[in-house]
Amino acid sequence: MNPTFSHVFEVEIPPAGIRPVVGSGDFFLIVEANTTLQIRRTGAAWQPYEQGDSEELPDGEIFERLELKNTSAVTASVKIFVGFGRRSQNRQQVMEPRTRVAGWSGDLAATTGRTFAPTLIPGDLRRKAVIVSNGDATSLRLQLRDPAGVAFNIILPGESAIVPVSETVEVYNPNAIPVTVYVGEIYWRA
């Protein structure tokens, strides 16, 4: 028997996995999700949804089941409101969510880069930011590059940059000698 009341379901979906959510409703809302999902109702096509997205059916229509598909390379952690009526969260956030940091340091060889893709562990929602520090004390600069290899920021000797990026970023050494680099990745936690 399907629940006929509103409920928040918590679902973990492995990469390439599909999980059913069995519950009646005329409305659903992705309360939390650490990645984009594909969702379909019975008789409907797969559609992409992200955290904060919702769907309201026309008056008189209801669904009995949803299927959630994870097309990302990380395990999806999802909270989804399913039911009747509407759920609205208009609370002001007073405290930032919990975070964790993952660090790396080392010498970056001449004219080479190191790519930092988000590496989620259980309990992570998504990467919040990357902190990159240039350990050179003289005149050697570092570059931050997008996945296409286009430089979008320069880090001067002895300086740091905080970049609020949840996706892949590259730290690149354009110099003819190695440069010491310090990197911290900050992740939001559930």
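Residues numbered from 1 in each chain as written. Predicted model: local features only at pLDDT ≥ 70, side-chain atom pairs only at ≥ 80, totals over all residues. Heavy atoms only, no water.

A. Main features of the overall build of the protein chain. What the protein chain contains, in helices and strands, is 0 helices and 16 strands. For the protein chain, whose C-alpha radius of gyration is 21 Å, the value lies well above the compact-globule estimate of 16 Å for 190 residues. If you line up the protein chain on its principal axes, its C-alpha atoms span 70 × 35 × 25 Å. A burial count over the protein chain gives 37% of its 190 residues as buried. (Helix = DSSP H or I, 4+ residues; strand = E, 2+ residues; numbered from the N terminus. Rg over C-alpha atoms; globule rule 2.2 N^0.38 Å. Buried < 20%, exposed > 50% of the residue type's maximum accessible area, 1.4 Å probe, protein only.)

B. Fine view of the nonpolar core. Ranked by size, the top nonpolar core spans 18 residues in total, and within it Leu37, Ile39, Leu66 and Ile80 carry the most contacts. Counting only elements with at least two residues in this core, the list comes to strand S1 (7-13), strand S3 (27-33), strand S4 (37-41), strand S7 (63-70) and strand S8 (76-83). At 4 residues, S8 tops the list of elements feeding residues into this core. Listed in part, the 16 residues of the second largest apolar core include Leu108, Val132, Ala161 and Val179. (Core = buried A, V, L, I, M, F, W, Y, C linked by side-chain atoms within 4.5 Å.)

C. Just the sheet that holds strand S9 (residues 99-108), in detail. The strand order across the open sheet built from 4 strands is S9-S16-S11-S14, with neighbouring strands paired in antiparallel fashion. Of all the strands in the sheet, the pair left with one neighbour each is S9 and strand S14 (160-163). Between one strand and the next, the sheet's axes are offset by a mean angle of 20°, whatever the strand orientation. (Pairing = 2+ DSSP bridges. Axes fitted to C-alpha atoms, helices over the stretch in contact; angles between N-to-C directions.)

D. Structural view of the side chain of Glu67. Summarising the element assignment, Glu67 is placed in strand S7. Only 2.7 Å separates the side chain of Glu67 from the side chain of Arg40, close enough to count as a polar contact. Those residues in contact with Glu67 that lie beyond four places of it in its chain are Ile18, Arg19, Pro20, Gln38, Ile39, Arg40 and Trp46. (Polar contact = N/O pair within 3.5 Å; in protein donor to acceptor, adjacent residues only side chain to side chain. Contact = heavy atoms within 4.5 Å.)

E. Focus on the pairing of strand S16 (residues 179-189). Of all 11 residues in S16, 8 are buried; the element is thus mostly enclosed. Taken together, the 9 bridges between strand S11 (residues 124-134) and S16 define a ladder with antiparallel strand orientation. Following the sheet pairing, Arg127 is matched in S16 by Tyr187.

F. Local environment of the sheet that holds strand S10 (residues 112-116). The strand order S10-S15-S12-S13 describes an open sheet built from 4 strands, whose pairing is antiparallel. A single partner strand is all that each edge strand has here, and the edge strands are S10 and strand S13 (151-155). Neighbour-to-neighbour, the strand axes of this sheet turn through a mean angle of 25°, independent of strand direction. Bridge count for strand S12 (residues 142-145) against strand S15 (residues 169-173) is 3 bridges, and the pairing is antiparallel. Across the sheet, the residue bridging to Arg145 is Glu170, located in S15.

G. Representation of the packing of aromatic side chains within the structure. Applying the stated rule across the entire model yields 4 aromatic pairs. When the centroid spacing of 5.8 Å and the interplanar angle of 65° are considered together, the rings of Trp104 and Phe116 count as edge-to-face. With Trp104 in strand S9 and Phe116 in strand S10, the pair connects residues that are 12 residues apart, well separated along the chain. A residue is classified by how much of its surface remains accessible, and Phe116, at 6% relative accessible area, is buried. By the ring-pair criterion, three or more aromatic residues cluster together here, those being Phe28, Tyr49 and Phe63. Above the plane of the ring of Trp46 lies Lys69, whose end atom (NZ or CZ) is 4.4 Å from the centre. Positioned above the aromatic ring of Tyr172 is the side chain of Arg145, whose terminal nitrogen or guanidinium carbon lies 3.5 Å from the ring centre. (Phe/Tyr/Trp six-rings, centres within 6.5 Å; stacked < 30°, edge-to-face > 60°. Lys NZ or Arg CZ within 6 Å of the ring centre and 35° of its normal.)

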